[in-house]
Each structure stands twice: as structure tokens, then as C-alpha cells.
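Next come the chains, spelled out residue by residue.
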Amino acid sequence: ESVLKVAERFSSGEVFEGRGSKDVPAEGFSAYAAQLWGAIDRDGDLDLPTQRKMLSMVRCDAKRKQHQDAFERGLAPLLASLSPHNFRDKAESAVGQLESDFWAEVNGYDAAVASETRQKLCDGVWPLLQEAHDGYVRAAREDEEERFTANVKGLLPEEEEMPKAGFSARCEELSSECRGAFRDAVNRLTPSGAPWKERLREKDGHFDMLDNHIKREVAAAKKTLAAQVQAACNTLLKSSLSPKLVELLDASAPAMWAGIRKAHSHSVTDASERLRATLQDVGMWSEAEGARSAASLQAYADVLVNDKVTDKASEASLADKAFGRFDMGMNRSKQRSWKLWDSPDGEFHKARVAGLAVFAMFEVSQLYPEGEWPKGTKKQRYIDDERMERLVNDFEARAAPELAWAHAVRASSSTHSSVMFGCLVLVLGWNEIVWLLCNPLYLVLLLMAA
């Protein structure tokens, strides 16, 4: 009786009402019928949609494995034929053909199951091509990184030259161009439907690595540029300060250190302003950078001054320079005629002080006034105690004879006769002087007595 009722449902079309003939393909009908009878025998009732879906799942999954195995067997020749230029087209073609063949064989099974299985098939074969894709993307990224590095280095000026304006802006342009070129390369390499594009943008992915490379190269280029600008400004400072130092040191005037301080300050200020203007022009200026650069320029100027003074202080001509200053005050740099009214001792004392002052000027640095030395710096000593003692002793030995000579010249000066004659005129009167002139013997006796 139960069999008759079920047969009636089949014969009347109740079971297949609203269901097309393709719900169960012919190749799966025997399995489907066996499934139906098993369900009837087990449960005493029949749920045809569930049975059909279960059959679709089994058959579609079997087809998926079959096609994936076939794809893996043909993978080696496919990979061998790939290149960066044809990867996208060949990958799309291979996976597309796989999907087409799979659809042709699962046509008629449950559509939702077939679609889900197709996606599972694609998810299984795309990873087989991912390694090749990742290698091509890596090569593209490295090419762009190399190109970017070369372009950024091309922005740097020649050594000791000032950079062109707009350095930072140009770095931004190159960064955008590099990112855009890599993005285009990835688009050319990535097949449609492949699940890799978003993965490339994950942390530590290729896009992230490219950004890190760009940041490193720009930071390194800016650091190099700042050093080049600093070096160029140092050269500018040296060309400005050195001639003034040479002039001041050669003159060795009493106000030598005042002149050195003034030249030092002006040169540092000019170089600092030039550096600031240059860094502002290239978009790299900051207050912190300005303070650091100004301190560096000042320290460089200090070294320049110390080197020049050290060289001058170590010259053997320093003793001659000091004696020359003494001679200028004592003898007026020539054979001086000492008059009766001159004071050799007084002149000697002043000339001696002036000569020894030359040694004092070169003994220790006076670049900064007392109490105004920059933090971390100290006075530099140019002449040690032993050499200073030797210089002073040699100077005294050379100067002492000049005083003796001055006294001798003063004693033998012709001004004695003229002074004595003037005194005779005042004391004796004109008539007595005429009488003496008329009697040379008495005049000679008078001069001898004098």
C-alpha cells in the first residue's frame, strides 16, 4: 500500500512539480535514485531538495578535486612559460579555462553548491601561482626602489656647492611617482580574481616595504644635503675669515684680538644667515637645525682661529716680531740720534713693554672675553712656559745693548756744544763771546774745561 502511494506521487508528477529535468544530471541519476530509496527505507519519508543538494555537494567536490589535480599536473610547464610581461594574461587564461571546464561538468547540479565549489576550486589553484607572482612583484618593487634612490641622489649638488631650490618638494614628487609606478606595475602583474592585491597592502607587505625604503632614502638624502650645505658654509666662512686673520696676525697690533673677535663674529653671522636661507629654500629649516648649525659654524670658526694663531705663534719669526715692536718704540725703526733732552731709560721701558706684549698676545687665546666662553670650550694655550721663558730671555738679551747704545749716543751727541754755547751767550753776554772768538786760545781752554 505504501509503495502504491509513492508510485502515485511519482506518476502524478507531484514529486517533480516545478522542477526542471536538469535538477539531477543523467550521470548522477543512479546515485540519486539510490539515495532516495535509502532515505525512504530509513526515515519512511522523502525530502527531495535535501537529497539533491547533498548529491550536488558530493559530485561537485569530486569534480573540483579532479580538475585541481589536473591543473597541478600541468603547473610546471605553465610556470616555465611565465614572465613578468605575460604572467597576468596566462594566469587569467589558465584559471579561466579551468573554471570553464569545471562549469561544463557541474552544469545541472545545485547552482549554489556549484558556485561555492567553483570558488573553492579557484581558492585552491591561485596559491599555486602566488609564489611566481610574488617574485615578479618583488622584482618590480626593487626596480622602483633602485630608480628612486638614483633619482634622489641626482638631486644632491656637487661637493661644496649649494643645492637648488625646492629639494623637499622634488623629493615628494619623486616619492609619489615611485608609488604610482609600483602600483601600476602591480596592476599589470595581478590577474583579475586573484586574492593577492589586498594582501600586498598589509603590514610588512610590498607596499609597506616600498614606503619604508622611500622614507629611509629621503631621510638619508636630507642628512647628506644638510652636511653638504654645512660644508659649503664652512668653506664660505673660511674664505671670509682666513684673509682677515692673516692680516691681523701679521700686523700683531695691540688690538689684534679685538679685531679677531670682530672678524670671527661677522664671518659666523654671515655663514649662519647663508645656511639658514639655503635650508629654508630647500624646505629643511627648523629652529633646532638652525641652533645646531650655528653652533657647528661657530666651533669651526674657533678651530680656524686657533689653527692660524698656533701656526703664527710657532714661527721662529715671533721673536723678530717682538723685537721689531721694541725697535719701533726705542729707535723708531732707524738709527736714532739721541738728544741731550731725550730719556733713553724711559723710552727703553715703554719699548720693552710693547715688545713683550707681542708674546703675551700669542701666549693664550683671547677669542672670547673673560666669562663669556661658550660652554664646553676652554682657552687654548699657544706658547708653553718653557718656550715663553726662552723667548723672553732672548728678547732681554737683544734689547739690553740698545739701552747702552742709546746712552752712549746721547753722551756724544753734538747737541752738547750748541747747548753750552747758548749758555755762554746768556751768562757772559755778546761782547765777551766776541772777545773769546777773537782769542781762539782762550776759547779752546774754556771748551776743554767745560
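The structure under discussion appears in the preceding block.
A.B. asks: I would appreciate a short explanation of the overall build of the protein chain in the present structure.
C.D. replies: Scanning the protein chain from terminus to terminus reveals 16 helices and 0 strands. Each of the 450 residues in the protein chain was classed as buried or not, and the buried ones make up 36%. The contacts in the protein chain between residues at least 6 apart in sequence include a share of 75% that link residues at least 24 apart. Total accessible area on the protein chain is roughly 26,300 Å²; 54% of this is exposed by carbon and sulfur atoms.

A.B. asks: Could you clarify how one ought to interpret unusual backbone geometry in this entry?
C.D. replies: Negative phi is the rule for most residues except glycine; trans is the rule for most peptide bonds. Even without being a glycine, Asp-204 presents a positive backbone phi close to 70°. Assignment of secondary structure puts Asp-204 in the loop between α7 (167–189) and α8 (206–251). In this structure Asp-204 comes out as exposed when scored by relative accessible area, which is 55%. For Ser-252, which is not a glycine, the phi torsion comes out positive at approximately 50°. Counting through the fold element by element, Ser-252 comes out in the loop between α8 and α9 (256–281). A relative accessible area of 0% means that Ser-252 is categorised as buried.

A.B. asks: Explain the packing of helix α5 (residues 87–106) against helix α6 (residues 111–155) to me, please; I cannot follow it from the model alone.
C.D. replies: Axis angle and axis distance: for two packed helices, these are the angle between their axes and the distance between the axes, and together they describe the pair. Running from N to C, α5 and α6 cross one another at 160°; their axes reach a closest spacing of 11 Å. Taken together, the axis directions place α5 and α6 in an arrangement best described as roughly antiparallel. The chirality of how α5 crosses α6 is right-handed. Across from Phe-87, Ala-91, Val-95, Leu-98, Glu-99, Phe-102, Trp-103 and Val-106 in α5, the residues of α6 making contact are Ala-114, Ser-115, Thr-117, Arg-118, Leu-121, Cys-122, Val-125, Trp-126, Leu-129, Ala-132, His-133 and Tyr-136. Along the lines of polarity and charge, the residues of the contact of α5 with α6 split into 15 nonpolar, 3 polar and 2 charged.

A.B. asks: Honestly, the pattern of salt bridges in this entry has me stumped. Any pointers?
C.D. replies: Side chains that differ in charge, positive against negative, can pair when their charged atoms come close. Within this structure, the stated rule accounts for 21 salt bridges. Glu-173 is the partner of Arg-170 in a salt bridge, and the nearest nitrogen-oxygen pair spans 2.8 Å. With Arg-170 and Glu-173 both in helix α7 and 3 residues apart, the pair spans about one turn of that helix. You can call Arg-170 partly exposed: its relative accessible area is 30%. Exposure remark for Glu-173: the relative accessible area of 42% places this residue in the partly exposed category. As a salt-bridge pair, Lys-312 and Asp-250 come within 2.7 Å of each other at their nearest N and O atoms. Taken together, the residues Lys-312 in helix α10 (residues 287–314) and Asp-250 in helix α8 connect sequence positions 62 residues apart. Here Asp-250 falls in the partly exposed class, since its relative accessible area comes to 40%. In this structure, a network of salt bridges that share partners links the residues Asp-61, Arg-64, Lys-65 and Lys-120.

Rules behind the numbers
- Residues numbered from 1 in each chain as written.
- Predicted model: local features only at pLDDT ≥ 70, side-chain atom pairs only at ≥ 80, totals over all residues.
- Heavy atoms only, no water.
- Helix = DSSP H or I, 4+ residues; strand = E, 2+ residues; numbered from the N terminus.
- Buried < 20%, exposed > 50% of the residue type's maximum accessible area, 1.4 Å probe, protein only.
- Contact = heavy atoms within 4.5 Å.
- Areas by Shrake-Rupley, 256 points an atom, 1.4 Å probe, with all protein chains shown as cover.
- Axes fitted to C-alpha atoms, helices over the stretch in contact; angles between N-to-C directions.
- Parallel < 35°, antiparallel > 145°, perpendicular 65-115°, else oblique.
- Left-handed = near helix turned anticlockwise from the far one by under 90°.
- Nonpolar A, V, L, I, M, F, W, Y, C, P; charged D, E, K, R; others polar.
- Salt bridge = Lys/Arg side-chain N within 4 Å of Asp/Glu carboxyl O.

All we've got here are geometric facts, nothing functional implied.
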